[in-house]
Amino acid sequence: MAQITLIEAVTQALAYEMAHDDSVVVLGEDVGVNGGVFRATQGLQEKFGELRVLDTPLDETTIAGVTVGLAAQGMKPVAEAQFEGFIYPMMEQIACHAARLRNRTRGRITVPAVWRAPWGGGIRAPEHHSEANEHLFTNIPGLRVVMPSSPARAYGLLLAAIRDPDPVMFFEPKRIYRQYKEEVPDDGEALPLDVCFVLRDGTDVTIVTWGAQVKEALEAADALAEEGISAEVIDVATLTPLDFDTIAESVQKTGRCVIVHEAPKTAGFGAEIAARLAEECMYDLLAPVERVTGFDTHIPLFRLEMKYLPSTERVVEAAKKALAAS
Amino acid sequence: MSIAAKFEIEYLQYLDAEGKQVRDDLPEFAKDLNHMVELYKLMLSTRVFDAKSVALQRTGKLGTYASCLGHEAAHVGVGSAMKPEDVLAPSYREYGAQLYRGVQPREVYMYWGGDERGNDYQNEPARHDFAWSVPIATQCLHAAGSALAFKIRNEKRVAVCMIGDGGSSKGDFYGAINITGAQNLPMVAVIVNNQWAISVPRKIQSGAPTLAQKGIAAGLFSIQVDGNDIIAVRKAMEDALDRARNGEGGSVIEAVTYRLSDHTTADDARRYRGEQEVKDAWAKEPMVRLRNWLVAKGVWDDAKEEAWKAECDDWMDNEVNAYLETKTQPVTAMFDYTFAEVPADLAKQRDLVISLDKKAH
Ligand SMILES: Cc1ncc(C[n+]2csc(CCOP(=O)(O)OP(=O)(O)O)c2C)c(N)n1
């Protein structure tokens, strides 16, 4: 079985589902001949033709709105936003229509669409290419916000997203697109949405994160282990609807929680998890919840960007701070 | 100097304001006078329906309502040309087209009366049409996406969107006609140019002499029609639908009409619009000219008019009663359609609302 990267897992999932379901179509800028600027759709147009892998005019609003129209007619479109920083023009269509049509029509019209976007910083990209703004979508009812953190989860979660009857934002952490390979059987097995994955068991502190920061979280857990501290690591994977129970269960056990994300701190999704912990797990907590996040600044150009992104050291420190408190 | 492109926009009209025929080449459908009477009857029902809606709002039985007074020819012209299998993506006032496609007045009342079930049209072919779109022009892209689905699946169907003159300024409209041209999609965009976008007049929307010509930039067939002349609207629409169905591409139709009402029941158009302008517009309104034409042909008269009005009144009264008798949805309805299945986390909020609701009773 072949070892593949996260981006290859995306391609593999798209190819699998397109081969097994005629209603799946891929659309976006450069997704056809070029196979996407990151090559996520490489080879698909050759296999499935120009109509099922459609290069659109360069207009994000068009891509988003046409996706709604396709989905409303029973197709399963997978639209690509070339970079997360260009997703803003899509938001009107996603928020006003994709997320609402089921509710607006009492289930008469539904939108089984997926929007994929290469997400986040850390690849020395130009301005507007490194945004982490998943929190803008977690506040929109009717949307699923999903972020894989490994090749296997990219494959399984993307299959699940395409098969889901409701609209899904699928944010791909591009910093780890090609970071490592993993065996991912091309068996069409989806992973469940709406559940967190516990990647590492621990008893002293819970580290909650998603997407690219899973790497720093696992590294931090390794470093902490060397000092005899046992950290549990949770990959949230589906941010909304949130599987809070898994997080709560872990924090009830460890009494301590560090939330790690790349997006700005204020009103980032970490704020939601921290608030829920305060509401529902206050008396299980042995220390204040720690957040290790991006700053409330624009992500800097690449000379400074690694200073912005949460580092393994910051996660380790936050865990130790939580442990030091009483 | 050589010329890279040249274009003309045709203006189509069959009936003038008095109902005099200005062209001899009547289209086939217009030679069938029984059919023309049917179209007139639906225009009249639309007008009666609209008056009823405004009255309901004035007595507190509807929320804000967007009237279609003066748009009857444009709307019925579009709806009547479409085939059942086609798809309509309307904005929020195209009732004339929708009634033709099976939307029931009670559903319109329900929507403006604060109940989402108004969008769950029960009758075909409206049942497979889009619901009203409030964010301006966004529905044009849904039509383009639908047309793309028809092309991918090789179905002989056409998607139609309707927007206002204001809506034609939005990028969504341009994006929709642009991809329609680029992909040769079976899509027809109808601009109902009623001269006003709330208080902003047509000339502030665009420096172009016609709105139809925007279609030229997208590579579409484009025409301006007298939007108060149902024969012109219907003819342009039929031709556009035929072309789309035959794989000859999309069209933009600008139907020039006038909004005789306030923008919505929450608006007072006297603040920005001169009395004389409205008076002049009434002299060109769509009902009179078709009625005069039908009367001259000997197929319509005052007695028929009164009889049909009375029938419409009964119909609307019946619809109003059905609407007023509809019970409010259970409080759980706000959760039940957010996703296909209520996710566990949302189910907890749903339980909370059920318990709050029980306490309140
Ligand atoms: C995106 C958006 N911006 C603003 C509004 C508020 N609004 C509602 S109707 C309207 C004017 C629309 O005019 P036009 O497109 O000409 O259509 P008409 O109502 O005259 O039929 C505006 C600005 C809206 N609904 N959507």
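For the structure, see preceding data.
Overview of the structure. Fair warning: this is a prediction, and the values are worked out from it, not measured in the lab.

### Concerning the overall build of chain A
Here is step 1 of the chain: For chain A, the count of helices and strands is 12 helices and 14 strands.
Here is step 2 of the chain: Relative to a compact globule of 326 residues, whose C-alpha radius of gyration would be 20 Å, chain A shows 19 Å and is just as compact.
Here is step 3 of the chain: With the principal axes as the frame, chain A shows a C-alpha extent of 60 × 40 × 40 Å.
Here is step 4 of the chain: Counting only residues that meet the buried cut, chain A has 63% of its 326 residues in that class.

### Describing the site of the ligand
Here is step 1 of the chain: The environment of the ligand is formed by 16 residues, the closest being Tyr92, Arg93, Gly166, Gly167 and Trp196 of chain B.
Here is step 2 of the chain: At the site occupied by the ligand, nearby residues are drawn from chains A and B.
Here is step 3 of the chain: The backbone of Val134 of chain B places a nitrogen or oxygen atom 2.9 Å from a nitrogen atom of the ligand.
Here is step 4 of the chain: Contacts to the ligand include Gly167 of chain B, whose backbone N or O atom sits 2.8 Å from an oxygen atom.
Here is step 5 of the chain: In the complex, 71% of the free accessible area of the ligand, which totals 570 Å², lies under the protein chains.
Here is step 6 of the chain: Across the shell around the ligand, the residue classes break down as seven nonpolar, five polar and four charged.

### Regarding the sheet that holds strand E7 (residues 221-226) of chain B
All names here are of chain B.
Here is step 1 of the chain: Across the sheet, which stays open at both edges, the six strands sit in the order E1-E7-E8-E4-E3-E2 with parallel pairing between neighbours. A single partner strand is all that each edge strand has here, and the edge strands are strand E1 (10-12) and strand E2 (87-89). Averaged over all adjacent pairs, the angle separating strand axes in this sheet is 25 degrees, with direction ignored.

### A closer look at the environment of Ala160 of chain A
Residue and element names in this part refer to chain A.
Here is step 1 of the chain: Structurally, Ala160 is set in helix H7 (residues 151-163).
Here is step 2 of the chain: Since its relative accessible area comes to 11%, Ala160 is described here as buried.
Here is step 3 of the chain: In this structure the C-alpha to C-alpha distance between Ala160 and Ala190, which are 30 residues apart in sequence, comes to 5.1 Å.
Here is step 4 of the chain: Those residues in contact with Ala160 that sit more than four places away from it in its chain are Ala190, Leu191 and Leu193.

### Concerning empty space enclosed by the protein
Here is step 1 of the chain: Scanning all chains against the criterion turns up one cavity of 30 Å³ or more.
Here is step 2 of the chain: There is about 40 Å³ of room inside the largest cavity.
Here is step 3 of the chain: As for the largest cavity, its lining consists of His97, Leu101 and Arg104 of chain A together with Phe130, Ala131, Trp132, Ser133, Gln139 and His142 of chain B.
Here is step 4 of the chain: Broken down by secondary-structure element, the contributors of at least two residues to the lining of the largest cavity are helix H5 (101-104) of chain A together with helix H6 (138-152) of chain B.
Here is step 5 of the chain: A breakdown of the residues in the lining of the largest cavity according to their chemical character gives four nonpolar, four polar and one charged.

### Examining the packing of H6 of chain B against helix H7 (residues 171-183) of chain B
All names here are of chain B.
Here is step 1 of the chain: Look at H6 against H7: their axes get within 7 Å of each other, and the N-to-C directions meet at 20 degrees. Judged on the interaxial angle alone, H7 and H6 are roughly parallel. When the axes of H6 and H7 are compared, the crossing they make is left-handed. Every residue of H7 that contacts H6 at Thr138, Cys140, Leu141, Ala144 and Lys151 is listed here: Asp172, Phe173, Gly175, Ala176, Ile179, Thr180 and Gln183.
Here is step 2 of the chain: A class-by-class count of the residues in the contact of H6 with H7 yields six nonpolar, four polar and two charged.

### Some thoughts on the interface of chain B and chain A
Here is step 1 of the chain: Taken together, the contact between chain B and chain A spans 44 residues of the former and 42 residues of the latter.
Here is step 2 of the chain: Between chain B and chain A lies a buried interface of about 3500 Å² when both sides are counted; carbon and sulfur atoms form 61% of it.
Here is step 3 of the chain: By the criterion of area lost to chain A, the three top residues of chain B are Ile152, Tyr337 and Phe339 of chain B, representing 18% of everything that side buries.
Here is step 4 of the chain: The interface formed by chain B and chain A holds 16 residue pairs in polar contact (both at pLDDT 80 or more) in total.
Here is step 5 of the chain: For the side of chain B that touches chain A, the elements supplying multiple residues, two or more each, are H6, H7, helix H14 (333-336) and helix H15 (344-360) of chain B.

### Structural notes on the pattern of salt bridges
All names here are of chain A.
Here is step 1 of the chain: Evaluation of the coordinates by the stated rule reveals 43 salt bridges over all chains.
Here is step 2 of the chain: Where Arg102 meets Asp166, a salt bridge forms, and the shortest distance between an N and an O atom there is 2.8 Å. Linking Arg102 in helix H5 with Asp166 in the loop between H7 and strand E7 (168-173), this pair joins segments that are 64 residues apart in sequence. Exposure class is identical for Arg102 and Asp166. Each is buried.
Here is step 3 of the chain: Ionic pairing is found between Lys253 and Glu232, a salt bridge with its closest N-O pair at 2.5 Å.

### Regarding unusual backbone geometry
Here is step 1 of the chain: Cis geometry marks the peptide bond from Thr240 of chain A to Pro241 of chain A, where omega comes out at -10 degrees.
Here is step 2 of the chain: Summarising the element assignment, Pro241 of chain A is placed in the loop between strand E12 (238-240) and helix H9 (244-254).
Here is step 3 of the chain: That bond from Glu124 of chain B to Pro125 of chain B is cis: its omega, 0 degrees, falls within 30 degrees of zero.
Here is step 4 of the chain: Here Pro125 of chain B lies in the loop between helix H5 (105-112) and H6.
Here is step 5 of the chain: Phi at Gln195 of chain B takes a positive value of approximately 80 degrees, unusual for a residue other than glycine.

### Notes on the layout of surface pockets
A water-sized probe rolled over the atoms picks out the places where empty space is left.
Here is step 1 of the chain: In this structure, the largest pocket spans a volume of roughly 980 Å³.
Here is step 2 of the chain: Asn139, Ile140, Pro141 and Gly142 of chain A together with Thr338 of chain B are, among the 38 residues lining the largest pocket, the residues nearest its centre.
Here is step 3 of the chain: Looking at the lining of the largest pocket, the elements that each hand over two or more residues are H5, helix H6 (135-138), E12 and helix H10 (269-280) of chain A together with H14 and H15 of chain B.
Here is step 4 of the chain: Element by element, the count of residues in the lining of the largest pocket is highest for H10 of chain A, at four residues.
Here is step 5 of the chain: A per-class count over the lining of the largest pocket returns 20 nonpolar, 11 polar and seven charged.

Criteria and thresholds
- Residues numbered from 1 in each chain as written.
- Chains lettered and ligands numbered in written order.
- Predicted model: local features only at pLDDT ≥ 70, side-chain atom pairs only at ≥ 80, totals over all residues.
- Heavy atoms only, no water.
- Helix = DSSP H or I, 4+ residues; strand = E, 2+ residues; numbered from the N terminus.
- Rg over C-alpha atoms; globule rule 2.2 N^0.38 Å.
- Buried < 20%, exposed > 50% of the residue type's maximum accessible area, 1.4 Å probe, protein only.
- Near = heavy atom within 4 Å.
- Polar contact = N/O pair within 3.5 Å; in protein donor to acceptor, adjacent residues only side chain to side chain.
- Areas by Shrake-Rupley, 256 points an atom, 1.4 Å probe, with all protein chains shown as cover.
- Nonpolar A, V, L, I, M, F, W, Y, C, P; charged D, E, K, R; others polar.
- Pairing = 2+ DSSP bridges.
- Axes fitted to C-alpha atoms, helices over the stretch in contact; angles between N-to-C directions.
- Contact = heavy atoms within 4.5 Å.
- 1 Å grid on protein atoms, 1.4 Å probe; cavity = no way out; pocket = protein on both sides within 12 Å on 5 of 7 lines; lining within 4 Å.
- Points joined across faces, edges and corners; volume = space filled by probe spheres on them.
- Parallel < 35°, antiparallel > 145°, perpendicular 65-115°, else oblique.
- Left-handed = near helix turned anticlockwise from the far one by under 90°.
- Buried area = accessible area lost by both parts, 1.4 Å probe.
- Salt bridge = Lys/Arg side-chain N within 4 Å of Asp/Glu carboxyl O.

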